[in-house]
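# Residue-level structure breakdown
Here is how the chains run, residue by residue.
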Amino acid sequence: MNSTILFEPDQLSKPLNWTDLFGRSGPVEVEVGCGKGRFLLGRAMEHPEVNFVGLEYARAYLRTLAERAERLRLANVRAAREEAARFFQEFVPESSVSAFHLLYPDPWPKKRHHKRRLIRPDFLVDLRRALVPGALLNLATDHRGYFDWMLEQLAGFGESFEIEPRAIEGPEELATLAGRTNYEIKYAAAGRPLYFITGKRKGAA
Ligand SMILES: C[S@@+](CC[C@H](N)C(=O)[O-])C[C@H]1O[C@@H](n2cnc3c(N)ncnc32)[C@H](O)[C@@H]1O
């Protein structure tokens, strides 16, 4: 597909050069599993000075995201069909990302699949390396087991991440939720408890 939004990391240098990718410098935020881009594109419109990278496996979602970004003439969005763990391990330059968003990732509920969860020690090592001091960590899940798992994994990185967990469980509170992503809208409407971890990369800026 011909697109100014989509890129193939394997065709570019390792690690990536964000300035070359966007054709300009600026802070970089990454969203993993951005779907059709509701959150990513909304944030890109609100923060034109920031460069946004979306990673999404599903080709059809990625195509929709690219079409929308092009229609909106967003010069600050790029997206790739790339596995997140590999992307952070191989392509993201050290201390170069100012926010990491992971909203409603696949929870892999079966015990034998827990190793497929993205928030695991090897990924957190790469994430810690990628984030600038003070960078924002923005995680959400509807799965209590994955929430507890994330907290457990992050506890092993207490010297690197400062975090604040929060649960929204009551229907009244859920009804007040803005609905940042398609899944968040769907889950909140269904009255499903939702769990959030916001935080930041520790260290002097
Ligand atoms: C449950 S959906 C949530 C989509 C969106 N964040 C939302 O809240 O509406 C999870 C998405 O993450 C994508 N995904 C899962 N694991 C991924 C990975 N390791 N790298 C990139 N995308 C991934 C899937 O293709 C899917 O579209």
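Residues numbered from 1 in each chain as written. Predicted model: local features only at pLDDT ≥ 70, side-chain atom pairs only at ≥ 80, totals over all residues. Heavy atoms only, no water.

### Re the overall build of the protein chain
Regarding its fold elements, the protein chain presents 8 helices and 7 strands. Computed over C-alpha atoms, the radius of gyration of the protein chain comes to 17 Å, within 12% of the 17 Å expected from 2.2 N^0.38 for 205 residues, which places it in the range of a compact globule. With the principal axes as the frame, the protein chain shows a C-alpha extent of 45 × 35 × 35 Å. Taken across its 205 residues, the protein chain has 47% of its residues classed as buried. In the protein chain, 80% of the contacts between residues at least 6 apart in sequence involve partners at least 24 apart. Total accessible area on the protein chain stands at roughly 10400 Å², and carbon and sulfur atoms take up 50% of it. Each charge sign in the protein chain was given a centre, from 30 positive and 27 negative side chains, and these centres are 4 Å apart. (Helix = DSSP H or I, 4+ residues; strand = E, 2+ residues; numbered from the N terminus. Rg over C-alpha atoms; globule rule 2.2 N^0.38 Å. Buried < 20%, exposed > 50% of the residue type's maximum accessible area, 1.4 Å probe, protein only. Contact = heavy atoms within 4.5 Å. Areas by Shrake-Rupley, 256 points an atom, 1.4 Å probe, with all protein chains shown as cover. Lys, Arg positive; Asp, Glu negative; His and termini not counted. Charge placed at Lys NZ, Arg CZ, Asp CG, Glu CD.)

### A short note on the sheet that holds strand 6 (residues 161-168)
Across the sheet, which stays open at both edges, the 7 strands sit in the order 3-2-1-4-5-7-6 with mixed pairing between neighbours. Either end of the sheet is taken by a strand with one partner, and the two such strands are strand 3 (77-80) and strand 6. Across the sheet, the axes of successive neighbouring strands diverge by a mean angle of 15°, strand direction being ignored. Sheet topology places strand 4 (residues 97-103) next to strand 5 (residues 131-141); 6 bridges connect them, and they run parallel. What sits directly across from alanine 99, in strand 5, is leucine 136. Where helix 2 (residues 38-46) meets the sheet, it contacts strand 1 (28-32), strand 2 (51-55), strand 3, strand 4 and strand 5, and its direction lies at approximately 175° from that of strand 2. (Pairing = 2+ DSSP bridges. Axes fitted to C-alpha atoms, helices over the stretch in contact; angles between N-to-C directions.)

### With respect to the site of the ligand
The environment of the ligand is formed by 15 residues, the closest being Gly33, Glu56, Leu103, Thr181 and Tyr183. Take asparagine 182: an N or O atom from its main chain is 3.4 Å from an oxygen atom of the ligand. Considered on its own, the ligand offers 600 Å² of accessible surface; in the complex 87% of this is hidden by protein. Looking at side-chain class alone, the shell around the ligand contains 8 nonpolar, 3 polar and 4 charged residues. (Near = heavy atom within 4 Å. Polar contact = N/O pair within 3.5 Å; in protein donor to acceptor, adjacent residues only side chain to side chain. Nonpolar A, V, L, I, M, F, W, Y, C, P; charged D, E, K, R; others polar.)

### Points about the nonpolar core
Ranked by size, the top nonpolar core spans 39 residues in total, and within it Trp18, Phe87, Phe88 and Phe100 carry the most contacts. Of all the elements, helix 6 (residues 144-155) adds the most residues to this core, at 5 residues. For phenylalanine 87, the residues in contact, after removing those within four places along its chain, are Phe7, Pro9, Leu16, Trp18, Val53, Leu55, Glu82 and Val92. Listed in part, the 14 residues of the second largest apolar core include Leu40, Val50, Phe52 and Ala79. (Core = buried A, V, L, I, M, F, W, Y, C linked by side-chain atoms within 4.5 Å.)

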